[in-house]
Amino acid sequence: DSFNLPTVQNGVKASTTIAEQYREERRKNGLIYSGIYNSTAGVNDLNQFIIAEKITKDVNPSYGSIQKIYTRNTDLLTLCEDKVLKIVANKDALYNADGNPELIATNRVLGQAVALPGEFGISTEPGSFVSYADNCYFTDASRGSVMKIAGDSLAPISQVGMIDYFADTLKDSNLFTCIGTYDEKKADYNLTIEKRVSWASSILFGKQVFTTLTWGERAKGWTSFKTFHPEEGLSINNNYYTWK
């Protein structure tokens, strides 16, 4: 912060104007973005964060922390603990008197944040999120639900014959993590629920217990319990791979 010096050093600076201590800030409810990258024009401003420009986008803190960001078409799907938002990119939403939005062009990188209808979020399980085509799947452990996003609609697919099972399983105090993978060939969302069982008679502390269930998109229901327990998984060229 000194004139014509290549480094910032410790010590008193004549240009210091704030009384607060300079320290790291964790922005759980906001996004910060850099300059653009354009390989065709040879522009690489990914290391530039110019505070004089509008480079931040904050969401309502009551929605909880941002857990997952996913680019879908020209929108940014933002999943918070207690809410799912759609942030329009390079455009803004202008609302008419009747409440219907009209999208207009803007110089903002991130425009209006629109909440999807429904009181659901992703809790603290971003690993359960998967997407294929226009569909997205994830778990809301705090509400004992498994969710599906189709377009701009949010639906709890856990209520299709399994409402009590997921309400008990996802809200178990031993729940450790949820892992979501997608089989493109069979159009299956495979959800692996891992628990770390606490100490009890003849059981060691931290013992892992796995359960894998399948939501069949063609059947529109929960089709099977499975015996494999992946740590990761994805589909490549219509083949489904999982691994430890």
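Going by the structure above, here's the rest.
Right, let's walk through the structure included here.

Calculation rules
Residues numbered from 1 in each chain as written. Predicted model: local features only at pLDDT ≥ 70, side-chain atom pairs only at ≥ 80, totals over all residues. Heavy atoms only, no water. Phe/Tyr/Trp six-rings, centres within 6.5 Å; stacked < 30°, edge-to-face > 60°. Helix = DSSP H or I, 4+ residues; strand = E, 2+ residues; numbered from the N terminus. Buried < 20%, exposed > 50% of the residue type's maximum accessible area, 1.4 Å probe, protein only. Salt bridge = Lys/Arg side-chain N within 4 Å of Asp/Glu carboxyl O. Contact = heavy atoms within 4.5 Å.

This part takes up the packing of aromatic side chains. Tallying each qualifying case throughout the model produces nine aromatic pairs. Consider the rings of Tyr137 and Tyr189, whose centres lie 5.0 Å apart with planes at 15°: the pair is stacked. With Tyr137 in strand 10 (residues 135-140) and Tyr189 in strand 14 (residues 188-197), the pair connects residues that are 52 residues apart, well separated along the chain. Look at Tyr137 and you get buried, because its relative accessible area is 0%.

To continue, consider the pattern of salt bridges. Counted by the stated rule, this structure contains eleven salt bridges. In this structure, Lys148 and Glu217 form a salt bridge, with 2.6 Å as the shortest nitrogen-oxygen distance. One end of the pair, Lys148, is in strand 11 (residues 145-150); the other, Glu217, is in the loop between strand 15 (207-216) and strand 16 (221-226), with 69 residues separating them in the sequence. Looking at Lys148, the relative accessible area reads 12%, which means it is buried. With a shortest N-O distance of 2.7 Å, Glu194 and Arg196 are connected by a salt bridge. Look at Glu194 and you get buried, because its relative accessible area is 6%. A relative accessible area of 29% places Arg196 in the partly exposed class.

Mapped onto the elements, Met147 comes out in strand 11. Given the relative accessible area of 0%, Met147 is considered buried. In this structure, the C-alpha to C-alpha distance between Met147 and Ile157, residues ten residues apart in sequence, is 5.6 Å. Once residues lying within four places of it in the same chain are set aside, the contact partners of Met147 are Phe120, Cys136, Tyr137, Phe138, Asp140, Leu154, Ala155, Pro156 and Ile157.

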